[in-house]
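One letter stands for each residue in the lines below.
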Amino acid sequence: MPEMPTKLAEIVDEFASAPRDVVLEMLLEYADVIPPLPEELAGREGMEQVPECQTAFFLRAEVAPDGTVTTWFDCPPEAPTTRAFAGILAEGLAGLSAEEVLAVPDDLYQRMGLAQVISPLRVRGGTAILARLKRQIREQTAVA
């Protein structure tokens, strides 16, 4: 089983080792790191909605010919926790190969210790975001 990608592992460790009272604050800092959508996705064209999220959340993963994955996320500013999940993935998965992204553990948010500070519904939404990204990557690479 491949290891968690380095950048993402660093983020997970940072959260897992942080005092519980600052975890939410740390999480919200990631709400601002989502890059804006490129023009061709402006109308959410070709993006998938994640119905498990309480808010309107859209994503798209694209596997380039060299196997690297690019992710795009669209989430309203009034949903900072969900935006933060996307920000963590945007930063933690940047430049990775399809295999590396598929190796990310499905219980990522539990490993970060977030289950203690945010609602189970939000953790479920974050988990669904990761699952849908992986599914899109599998469909494009035909990797089971």
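Placed above this text is the structure.
A short tour of the structure in this document, coming up.

About the criteria used
- Residues numbered from 1 in each chain as written.
- Predicted model: local features only at pLDDT ≥ 70, side-chain atom pairs only at ≥ 80, totals over all residues.
- Heavy atoms only, no water.
- Helix = DSSP H or I, 4+ residues; strand = E, 2+ residues; numbered from the N terminus.
- Rg over C-alpha atoms; globule rule 2.2 N^0.38 Å.
- Buried < 20%, exposed > 50% of the residue type's maximum accessible area, 1.4 Å probe, protein only.
- Contact = heavy atoms within 4.5 Å.
- Lys, Arg positive; Asp, Glu negative; His and termini not counted.
- Salt bridge = Lys/Arg side-chain N within 4 Å of Asp/Glu carboxyl O.
- Pairing = 2+ DSSP bridges.
- Axes fitted to C-alpha atoms, helices over the stretch in contact; angles between N-to-C directions.
- Polar contact = N/O pair within 3.5 Å; in protein donor to acceptor, adjacent residues only side chain to side chain.
- 1 Å grid on protein atoms, 1.4 Å probe; cavity = no way out; pocket = protein on both sides within 12 Å on 5 of 7 lines; lining within 4 Å.
- Points joined across faces, edges and corners; volume = space filled by probe spheres on them.
- Nonpolar A, V, L, I, M, F, W, Y, C, P; charged D, E, K, R; others polar.
- Phe/Tyr/Trp six-rings, centres within 6.5 Å; stacked < 30°, edge-to-face > 60°.

**Details of the overall build of the protein**
Okay, so step 1: A count of helices and strands for the protein gives six helices and three strands.
Okay, so step 2: Listing each helix as α and each strand as β along the protein from the N terminus yields α-α-β-β-β-α-α-α-α.
Okay, so step 3: Since a compact globule built from 144 residues should have a radius of gyration of about 15 Å, the 14 Å found for the protein is in line with a globular shape.
Okay, so step 4: Taken over the C-alpha atoms alone, the protein extends approximately 45 × 35 × 20 Å along its principal axes.
Okay, so step 5: Each of the 144 residues in the protein was classed as buried or not, and the buried ones make up 49%.
Okay, so step 6: Contacts in the protein between residues far apart in sequence, at least 24 positions, make up 67% of those at least 6 positions apart.

**Some words on the side chain of Arg 83**
Okay, so step 1: Along the chain, Arg 83 falls in helix α3 (residues 80-92).
Okay, so step 2: We note that Arg 83 is buried and unpaired, the nearest opposite charge coming from Asp 32 at a distance of 5.5 Å.

**What to know about the sheet that holds strand β2 (residues 58-63)**
Okay, so step 1: Spatially, the three strands line up as an open sheet ordered β1-β2-β3, and their pairing is antiparallel. Two strands close off the open sheet at either side, each with one partner strand: β1 (48-49) and β3 (69-74).
Okay, so step 2: With two bridges connecting them, β1 and β2 associate as antiparallel partners. Bridge assignment links Glu 48 to a residue of β2, and that residue is Leu 59.
Okay, so step 3: Set on the sheet, helix α6 (residues 120-141) makes contact with β1, β2 and β3; between it and β2 the angle comes to about 35°.

**Brief notes about the environment of Asp 66**
Okay, so step 1: Structurally, Asp 66 is set in the loop between β2 and β3.
Okay, so step 2: Spatially, the C-alpha atom of Asp 66 lies 16 Å from that of Leu 102, the residues being 36 residues apart in sequence.
Okay, so step 3: Side chain to side chain, Asp 66 and Thr 68 meet in a polar contact 2.7 Å long.

**A few points about empty space enclosed by the protein**
Okay, so step 1: For the structure shown, the criterion picks out one cavity of 30 Å³ or more.
Okay, so step 2: In this structure, the largest cavity spans a volume of roughly 40 Å³.
Okay, so step 3: Cys 53, Gln 54, Thr 82, Phe 85, Leu 121, Arg 122, Gly 125 and Gly 126 are the residues that line the largest cavity.
Okay, so step 4: Elements represented by at least two residues in the lining of the largest cavity include exactly α3 and α6.
Okay, so step 5: The element contributing the most residues to the lining of the largest cavity is α6, with four residues.
Okay, so step 6: Taken together, the residues of the lining of the largest cavity break down into three nonpolar, four polar and one charged.

**Remarks on the packing of aromatic side chains**
Okay, so step 1: In total, this model carries three aromatic pairs according to the counting rule given.
Okay, so step 2: Aromatic pair Phe 15 and Tyr 30: ring centres 5.9 Å apart, planes at 40°, arrangement tilted. Placement of the pair is Phe 15 in helix α1 (residues 6-17) and Tyr 30 in the loop between α2 (20-29) and β1, with a sequence separation of 15 residues. For the pair Phe 15 and Tyr 30, one class covers both residues: buried.
Okay, so step 3: Summarising the aromatic geometry, the rings of Phe 85 and Tyr 109 are spaced 4.3 Å apart at their centres and angled 45° between planes, so their arrangement reads as tilted. Note that Phe 85 is positioned in helix α3 and Tyr 109 in helix α5 (residues 108-111), a separation of 24 residues in sequence.

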